[in-house]
Amino acid sequence: SNAWQSWGFCGSLRMGDPPAAPSLHWIFTRAFHDGGVHADRLPPKAPGGRNLRYCSEMFTAISDVNSRIAVVFGFLTQRQNFGGFDFDRIMRSGVARCACDDLFLLKDKSFETDWMTIQLVPNLSDEPLADYCQLVAESNPTTFKHFGDTPMGWCSWYYYFKEVTAKEVNKNLDHLLEMRESIPLEVFQLDDGYQKHWGDWVPSKDFPEDMREVSRSILRHGFKAGIWLAPFAVDKKSDLVKEHPEWVMKNKRGKRANSGNVGHFFYGLDASRPEVMEFAKRQLEKVTKGWGFNYLKVDFIYAAVLADGDRYDYTRTRAQIADHAVTEIRNAVGGDVFLVGCGCPLGSGIGFFNAMRIGPDVDRTWFPFLKWDKWNLPGARNAVRNTITRSFMHRKWWVNDPDCVLFRSGTLFKDEEIIGIATVVAMGGGMLML
């Protein structure tokens, strides 16, 4: 079973197991998980409350461990629709679905869905999805195919969170430079916290007005200069919301749509509006071409195409809007910037990003704060699972980003948990960020 975007569940289920589902109330998490083809309908439930069907976004594989035969079902692209699959609990019947998102067809116009494939795998290998993965890579002839080197670097998030300052940036740069021989990192990434608000992408009081001072300092120390940006996410208290309330995605009831909760609620900007895309491109160009950062992590991309949203343009599906958005993201930053996607519908990102987050946040604990959650709540257990189950995507669709490995003191990890996390990340071959 595979979820539609970076943070969602990907894993194996035995027939009869309950389908994976979020542990938190839908008001906190539905925007994250129900944005694909299953956005308009949660799996139907029996009177006792048990889900009756298994749902998977974009692709799935069904195997018989005794006969070692498998069948792979998958969409080759997600440029026209978000597509996925439903199967009953005993695997007797299944349905391929495409989300048309209340599409309005203009006169004399037609619409074609993305192609899908069904592959019989008679001798179950260790990588039953390998052929499908390669076929998807070949079916996405987009503007960008060079992944670049797999980076190793440092990220400010898991130590400073939003309390990062320019002073602490320089302190860490000096320290990493001293340790360069023993820890040969290449990237120094400034994460969330440098800006005034989400949506107001100007430096906070703890950073210089000219952010080129920060990027130049990073480059002088011999690192790629990395920065974080969420061009389609906006804080409720931001100036942008006050100045352009019409840009905020509204739901079908006319209220501002729920974008999920990441410790706070926020809004998504409607990427079907041309003026929103122009705004997003200006921010992307500013941080790269203006401020001089050559490594960019673009986060919360799903917020541009919320399933619950009453979008401005109904002549395009949400998948078509997402496809346009990621195309414009790459065009805005150019081909020389190492581009990392996060919170991104997976099918939309293929061919545009150098790297892609493929699991939930690792956080500073093994278990999420709800220990029974096996879906997407931050926690190393969930992140490690997705690092394994989505490892087949690495260097076929992008460089896999499994999130950071935290070796420092001050976490709640046991030594054996840190060793386990580092081992899985190393064996997966993806990015290593500290």
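Going by the structure above, here's the rest.
Treat the numbers as computed from the prediction; the structure is a model and nothing was measured.

Caption draft 1: Examining the sheet that holds strand β16 (residues 355-357) more closely. Reading across the sheet, the eight strands line up as β17-β16-β15-β14-β11-β8-β7-β18 and stay open at both edges, with parallel pairing between neighbours. Where the open sheet ends on each side, the last strands, each with one partner, are β17 (399-401) and β18 (432-433). Inspection of the sheet shows strand β14 (residues 295-298) paired to strand β15 (residues 338-341) by four bridges, in the parallel sense. Residue pairing for β15: leucine 296 is matched across the bridge by leucine 339.

Caption draft 2: Examining the pattern of salt bridges more closely. Summed over the entire model, instances satisfying the criterion amount to 18 salt bridges. Two residues, aspartate 361 and arginine 357, come together in a salt bridge whose shortest N-O distance is 2.9 Å. Two residues, arginine 357 and aspartate 401, come together in a salt bridge whose shortest N-O distance is 3.8 Å. Of this pair, arginine 357 sits in strand β16 while aspartate 401 sits in strand β17, and the two are 44 residues apart along the sequence. Where salt bridges share partners, they join Arg357, Asp361, Asp401 and Asp403 into one cluster.

Caption draft 3: Seen up close, the sheet that holds strand β1 (residues 53-57). The three strands lie next to each other as β1-β4-β5, forming an open sheet whose pairing is antiparallel. The sheet is open, and its two borders are formed by β1 and β5 (94-98), each paired with just one other strand. When the angles between neighbouring strand axes are averaged without regard to direction, this sheet yields 20°. Pairing of strand β4 (residues 83-88) with β5 involves five bridges; the strand directions are antiparallel. In the sheet register, aspartate 86 faces β5, and the bridge partner there is valine 95.

Conventions we followed
- Residues numbered from 1 in each chain as written.
- Predicted model: local features only at pLDDT ≥ 70, side-chain atom pairs only at ≥ 80, totals over all residues.
- Heavy atoms only, no water.
- Pairing = 2+ DSSP bridges.
- Helix = DSSP H or I, 4+ residues; strand = E, 2+ residues; numbered from the N terminus.
- Salt bridge = Lys/Arg side-chain N within 4 Å of Asp/Glu carboxyl O.
- Axes fitted to C-alpha atoms, helices over the stretch in contact; angles between N-to-C directions.

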